[in-house]
There are 2 protein chains.
Amino acid sequence: MSLIDLSRQVALGVDIGGTNTKFGIVNHRGEVLDKGNLRTDAYEKVEDFIDALYEQVYPLMEKHGTEKHFDGIGVGAPNANYYKGTIELAPNLPWKGVIPFAELMTAKFGLPCTVTNDANAAALGEMLFGAARGMKDFIMITLGTGVGSGIIANGNLIYGHDGFAGELGHTIVKPGGRKHWSTGSEGSLEAYASATGITITAKKMRAEFPESMLNQYPEEEINSKTVYECAMKEDPIAIEVFRYTGQKLGEALANFVMFSSPQAILLFGGVIKAGDFILKPAKLHMERNLLPIFRNKVKLVFSELDEADAAILGASALVWEK
Amino acid sequence: MSLIDLSRQVALGVDIGGTNTKFGIVNHRGEVLDKGNLRTDAYEKVEDFIDALYEQVYPLMEKHGTEKHFDGIGVGAPNANYYKGTIELAPNLPWKGVIPFAELMTAKFGLPCTVTNDANAAALGEMLFGAARGMKDFIMITLGTGVGSGIIANGNLIYGHDGFAGELGHTIVKPGGRKHWSTGSEGSLEAYASATGITITAKKMRAEFPESMLNQYPEEEINSKTVYECAMKEDPIAIEVFRYTGQKLGEALANFVMFSSPQAILLFGGVIKAGDFILKPAKLHMERNLLPIFRNKVKLVFSELDEADAAILGASALVWEK
């Protein structure tokens, strides 16, 4: 066993998003040796997508193949099921129904393939190479167009009995609250703390407060980026948009902490660019809703990983986690 | 290894409650060979309590000792910490501060001792001997004077980084809602779904509806038992008390399911005597708040274990779980 040269082992990490797919060849130290990307939404058929991916990856595998050993492929994708190797009913991907993705990849690449949802992959990446190094209990929350999550307990991802555990973005933070544009549920975390949720909050608040700087933008330009610009210029309404978002996030985080008592909660994704505008109220409302035994123990931190690499690292980490 | 005779191995299971402590000598099949109990609240000093327990247990150990081998002691107690072997700041126990309980037990009995919180012990008992046999992912909710929980993910209890995971009774189901009589938090599950919470709901509702049968009882007799009596006599207000309780419970359960995607949720404790009056609305509101991928998958069931034995079985299971 000790004769295996770890420096020679590499994995292919693939991160599939609704628009773009990124991939990289990653070694055990979390170094991305080579990377690339392609459009996800350009391929109506999943087989065509996999063929196009192979066309791009094959030359890189050839290039590194003489001195490296490819251990396998790890894939992070929305609605991916770790146990079944499938991508199921993903609303933001062009491929409908239940896709036996891992099987198709193995058939094409001749390598074992493991899939998991994108936030789980990010959590693994953080545990092996990022801000959660050495932690055995933490929760990763991705705040992007949607809100995703990956939960690590006792050093392992929680998959649940069916592989779908960790849908914290869809937990209800305000019963009977804002209706979610896609799921129809009322008052879910995603309805408030995603970029989409922030846009809704901003549009509501600027209508209520005509004096807000937010009213200087046309409707279609209102988003978390323009809210941030106004907040930086000290517009109190823009600041309130983030404060409210942080409050809802913090209330949800308190419940998550009392579930799995993590050492840290890592935040990741486009929304964290709002920085302290969201982080401070999130921390305040998390602490306020915690039992005393949990207070002032949980670190609330931003991801350390470069956003472009994080997903690829996380996906490749799947190969070695197995 | 195969020479070990499992039928000879026994453990001492101890369940410490605020008023009473129960103990039993349990074998690998979950059979209670002998049992007993003593008052917890009669001993101001924990050392005196342990001495008194020893006095009662020793003759039983002598009796079984010739043909059985005692593997260890498992203890379920409020605010017990698995990692540290302590009972910490338990508001309902006579012993204040941080008690090195496992250490004290080992010093007295000469056997290894493991402690965990009472709901965790109950969850282990269910996994090994009860309704959760063969399940690797489930959540146990104890609905008694308070609301406790034990979470099993991938076959293991979730302890969290500090041993305090699984305080689901204190998660917030209604932000800004009912103030908890002891923790001060607003809108926690325990404030609604515990026996204490049901009593509060019943007192409020009977004041609003003078025609309710609940008004035939003096104030001090209003509790989940009298509400049940009225509900059985079809008093609509008593039925509404349980329906509201079930709704709050169900809303909370939906969030738990989206966290760890359990195969089942097991309910246990005095409150479940209300049966379908609580179970039906709980199921309805759980399903209603779940993402479609989780719907109609999670069994919501009552514990199968005899209530008196369950805690002892669970505590003894700790010995073999290690």
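Calculation notes
Residues numbered from 1 in each chain as written. Chains lettered and ligands numbered in written order. Predicted model: local features only at pLDDT ≥ 70, side-chain atom pairs only at ≥ 80, totals over all residues. Domains from an automatic or database assignment. Contact = placed C-beta atoms within 7 Å. Nonpolar A, V, L, I, M, F, W, Y, C, P; charged D, E, K, R; others polar. Pairing = 2+ DSSP bridges. Helix = DSSP H or I, 4+ residues; strand = E, 2+ residues; numbered from the N terminus. Axes fitted to C-alpha atoms, helices over the stretch in contact; angles between N-to-C directions.

Asks: A description of the domain arrangement of chain A should follow, citing residues and the corresponding values.
Replies: All names here are of chain A. Partitioning chain A into domains gives domain 1 (6-126 + 308-321) and domain 2 (135-303). Of note, the centres of domain 1 and domain 2, computed from C-alpha atoms alone, are 28 Å apart. On the domain 2 side, the residues contacting the 14 residues of domain 1 number 15 residues. Tallied by class, the residues present in the side of domain 1 that touches domain 2 amount to eight nonpolar, three polar and three charged.

Asks: Any chance you could break down the sheet that holds strand 8 (residues 113-116) of chain A for me, citing the residues and the numbers?
Replies: All names here are of chain A. Here five strands make up an open sheet; going across it, the order is 3-2-1-4-8 and the pairing mixed. Each edge of the open sheet is held by one strand with a lone partner, namely strand 3 (32-39) and strand 8. Adjacent strand axes in the sheet meet at a mean angle of 20°, parallel and antiparallel pairs treated alike. Bridge analysis of strand 2 (residues 20-27) against strand 3 gives seven bridges, and the strand direction is antiparallel. Along strand 3, the bridge assignment pairs isoleucine 25 with aspartate 34. Contacting strand 1 (9-16), strand 2, strand 3 and strand 4 (69-76), helix 1 (residues 46-65) crosses the sheet at an angle of about 165° to strand 3.

Asks: Hey, could you go over the sheet that holds strand 5 (residues 80-81) of chain B for me, with residue numbers and the actual values?
Replies: All names here are of chain B. Read across the sheet, three strands follow the order 5-6-7 without closing on themselves; strand pairing throughout is antiparallel. Each edge of the open sheet is held by one strand with a lone partner, namely strand 5 and strand 7 (98-99). With two bridges connecting them, strand 6 (residues 86-88) and strand 7 associate as antiparallel partners. The residue bridging glutamate 88 from the neighbouring strand is valine 98, located in strand 7.

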